[in-house]
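Fold and geometry: a report
If you want the building blocks of each chain, they are given just below.
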There are 2 protein chains.
Amino acid sequence: MSIDPNTNIEISAFKWVPDFAQGMVRDMRIRWALEEIGQPYEAVLYDATQPRDADYRQWQPFGQVPAFDDGNVRLFESGAILLYLGEQDERLMPRSPQAKWETTTWLIAALNSVEPMLMTIVMYDIFHRDKDWATAARPAALELAEARLKSLSDALAGKDWLTGQFSIADIMMVTVLRNIKHTDIINGFPKLAAYQKRGEERPAFKRAMKAQMAPFAEHEPQPA
Amino acid sequence: MSIDPNTNIEISAFKWVPDFAQGMVRDMRIRWALEEIGQPYEAVLYDATQPRDADYRQWQPFGQVPAFDDGNVRLFESGAILLYLGEQDERLMPRSPQAKWETTTWLIAALNSVEPMLMTIVMYDIFHRDKDWATAARPAALELAEARLKSLSDALAGKDWLTGQFSIADIMMVTVLRNIKHTDIINGFPKLAAYQKRGEERPAFKRAMKAQMAPFAEHEPQPA
């Protein structure tokens, strides 16, 4: 099974975001998956500097991006959208039960056992960088994040990709690891640094990045 | 399709955990789902006070519980295990594509858009309660958590369950909301408080709770 090439896929994304978020917004995950399988899509762009309206919240109740609509299903959460795409194209998720569920497992591990620990560091370093408590809180957060990265690095030993073949689990994990690219934490885990680089060097990743970045230049706020 | 009643399901759980974690360990989610469909299982108990060994980390690389094995697949992450069970029994996840993917969406939303914000509060209140920085950091975390709970409450308006029928999305979201039961935050969102209570009053929830708690009394550490 693969996606009907005549399907009209729409995803939501932002017109512009500040520097630290450029290339990091989560529509990257969906763009990357769609580029891997050569599936066209349309990005519906929203103004990140304004609250999302009630109409958008019918599509995405938290007001985040991405949301997804292909005429068959309408959903949100990058993890759910990747699972949906994976179920439709075996280049994104293998078909044997054990391999399929291992892929699902690692995608969820990225979202719940790794990303929250990395986002705590992002919160302290970027969103609250001017607060003394953020500086004081950081060492405990770093310790927890590094423990998770150590386990992840051990689990990846000897493998190019989390489940042996490239999949949505890797799209998720690589984009999760990129959250802390403002730090050198990942360099403490050479296997993970190499894994992240392997992901970022895929042509589909590069095309997805270019597509996310394209509107930002055009919509950059002008000084008043 | 439903689970072969002769399948031997094994999940990992803990012999004993401190008071604050009793009834909260994530094997609750799997026990609850299995109780909903009347599926027997065996809990393989580990000592939470000792590091998990290399054998266990082959099953669960982060050393957490639950991990799952039914002889067909071997996986971990409560979210992935619930999705696996949902795919096998429509009492846990409806079958129409839109309903199935909405269920998946809400399960992931619970894990990535709600739980991390609530766990930050748990970290400050429980794991770092003696630190001045935790007290100073809490208001910003509370603001973010409450924003997510407000969106969730709005999305739930008029519905008993997230997708209309009870599903694995509700098992996940109710157990996620229970993370902050040491606070009165949820009472600021009466729809969510009622939703959590609806979940906790299900007979399957109560049986799962009893099953998780049973070994704790037996294995409670004795004063030296």
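Residues numbered from 1 in each chain as written. Chains lettered and ligands numbered in written order. Predicted model: local features only at pLDDT ≥ 70, side-chain atom pairs only at ≥ 80, totals over all residues. Heavy atoms only, no water.

All names here are of chain B. The four strands are arranged S2-S1-S3-S4 in an open sheet whose pairing can be described as mixed. The open sheet has two edge strands, strand S2 (42-46) and strand S4 (74-76), and neither has a second partner. The average undirected angle you get between the axes of adjacent strands in this sheet is 25°. Pairing of strand S3 (residues 67-69) with S4 involves three bridges; the strand directions are antiparallel. Pairing of Asp69 across the sheet is with Arg74, part of S4. (Pairing = 2+ DSSP bridges. Helix = DSSP H or I, 4+ residues; strand = E, 2+ residues; numbered from the N terminus. Axes fitted to C-alpha atoms, helices over the stretch in contact; angles between N-to-C directions.)

Bringing the relation of the copies chain B and chain A into the picture now. In this arrangement, two copies of a chain are superimposed by a rotation about an axis accompanied by a shift along the axis. The two copies are related by a screw motion: chain B maps onto chain A through a turn of 180° and a shift of 0.0 Å along the axis, at an RMSD of 0.0 Å. Taken together, the rotation and translation relating the two chain copies correspond to the operation of a two-fold axis. The position closest to the rotation axis in chain B is occupied by the C-alpha of Trp133 of chain B, lying 2.4 Å away. An overlap of 100% is found between the interface residues of chain B and their copies at the interface of chain A, pointing to a shared contact surface. (Least-squares fit on C-alpha atoms with pLDDT ≥ 70 in both. Contact = heavy atoms within 4.5 Å.)

Moving on to the domain arrangement of chain A. All names here are of chain A. When cut into domains, chain A gives domain 1 (10-92 + 204-219) and domain 2 (97-202). Domain 1 puts 21 residues into the contact, and the matching count from domain 2 is 24 residues. Looking at the side of domain 1 facing domain 2, the largest losses of area belong to Met24, Arg29 and Trp32, adding up to 31% of the total buried there. For the pair domain 1 and domain 2, the number of links is four salt bridges. Here Glu115 ties to Arg26 by a salt bridge, and the two come within 2.9 Å at their closest N and O atoms. On inspection of domain 1 and its partner domain 2, the count reaches ten residue pairs in polar contact (both at pLDDT 80 or more). Within the residue set of the side of domain 1 that touches domain 2, elements represented by two or more residues are helix H1 (27-36), helix H3 (78-88) and helix H8 (203-219). Counting residues per element, the side of domain 1 that touches domain 2 draws most heavily on H3, which supplies six residues. Class assignment for the residues of the side of domain 1 that touches domain 2 results in ten nonpolar, four polar and seven charged. (Domains from an automatic or database assignment. Buried area = accessible area lost by both parts, 1.4 Å probe. Salt bridge = Lys/Arg side-chain N within 4 Å of Asp/Glu carboxyl O. Polar contact = N/O pair within 3.5 Å; in protein donor to acceptor, adjacent residues only side chain to side chain. Nonpolar A, V, L, I, M, F, W, Y, C, P; charged D, E, K, R; others polar.)

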